[in-house]
Amino acid sequence: MAKVYPNVAPTTANEKRRLFNSKSANDALDAQVVLTVWKKSLLFNCHGFTVYDGKGNLVFRVDNYMATSGNNGEIVLMDAAGKPLLTIRRKRLSLGDNWLVYEGETAINPRFLVKKHVNILNTKYLAHVSPASGSNKNAMYEIEGSYAQRCCAVYDEKKRRVAEIKKKESVGGVAFGVDVFRLIVDPEMDTSVAMAMVILLDQMFGSARR
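Naming follows an unreviewed UniProt entry, where the protein appears as Protein LURP-one-related 8 of Salix suchowensis.

Laid out in structure tokens, this is it:
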């Protein structure tokens, strides 16, 4: 099986020279974070996600991911050391597929609300993200595309694309399948929030829901 994450450094003089000559172009891309998402937990017999950066370093992990959609389930996004970053909980007593995202493992003052978009006449839009409380109910982010095809984009309130989900291919051009894909995050968006969007899309549109 091909490597899930890129972890290859240039070893030849030609490769090093090529990278040096394109330094300015690389500098422009440095602000953009490219992550490899693997729909697999680090723990045996446990559902989850494992996320690596471009150097093959572990960035995020989800080990308590629940494939079921029970109202009492919660999903915790952790950093590489296991520290909780965000907790995702289904919103109780609400119509539709609505989720609240909290800071750390708290259960009060959610950061934002994510609603699944349901419209048989417009299937391009998948979900929208808005503040969980307060008078401002305008969308913070809109998500569109196809999660099943691993081809999605996240747009902010100014309609700027701030994150993308794309299929990942190995060096030989062989596709990994839908369980391994890329998450590309621009500097305008927090990478942990972008990963939370991935988790929620999988809850709303993953294989368990089809």
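Two pairing modes exist for strands in a sheet, parallel and antiparallel, and in both the strands are linked by backbone hydrogen bonds. The strand order around the closed barrel built from 12 strands is β1-β2-β3-β4-β5-β6-β7-β8-β9-β10-β11-β12, with neighbouring strands paired in antiparallel fashion. Neighbour to neighbour, the strand axes of the sheet diverge by 20° on average, direction disregarded. The sheet contact formed by strand β10 (residues 151-156) and strand β11 (residues 161-167) spans 4 bridges and is antiparallel. Residue C152 lies in a different strand from β11, and its bridge partner there is I165.

This paragraph deals with the packing of aromatic side chains. If you walk through the whole model with that rule in mind, you get 1 aromatic pair. A centroid spacing of 6.4 Å and a plane angle of 85° characterise the contact between Y147 and F181, whose relative ring orientation is edge-to-face. With Y147 in the loop between β9 (141-146) and β10 and F181 in strand β12 (residues 180-185), the pair connects residues that are 34 residues apart, well separated along the chain. Look at Y147 and you get buried, because its relative accessible area is 1%. Its guanidinium or amino end placed over the ring of Y102, R89 lies 4.8 Å from that ring's centre, counting from NZ or CZ. The aromatic ring of Y147 is capped on one face by R150, whose charged end is 4.0 Å from the ring centroid.

How each quantity is defined
Residues numbered from 1 in each chain as written. Predicted model: local features only at pLDDT ≥ 70, side-chain atom pairs only at ≥ 80, totals over all residues. Heavy atoms only, no water. Pairing = 2+ DSSP bridges. Helix = DSSP H or I, 4+ residues; strand = E, 2+ residues; numbered from the N terminus. Axes fitted to C-alpha atoms, helices over the stretch in contact; angles between N-to-C directions. Phe/Tyr/Trp six-rings, centres within 6.5 Å; stacked < 30°, edge-to-face > 60°. Buried < 20%, exposed > 50% of the residue type's maximum accessible area, 1.4 Å probe, protein only. Lys NZ or Arg CZ within 6 Å of the ring centre and 35° of its normal.

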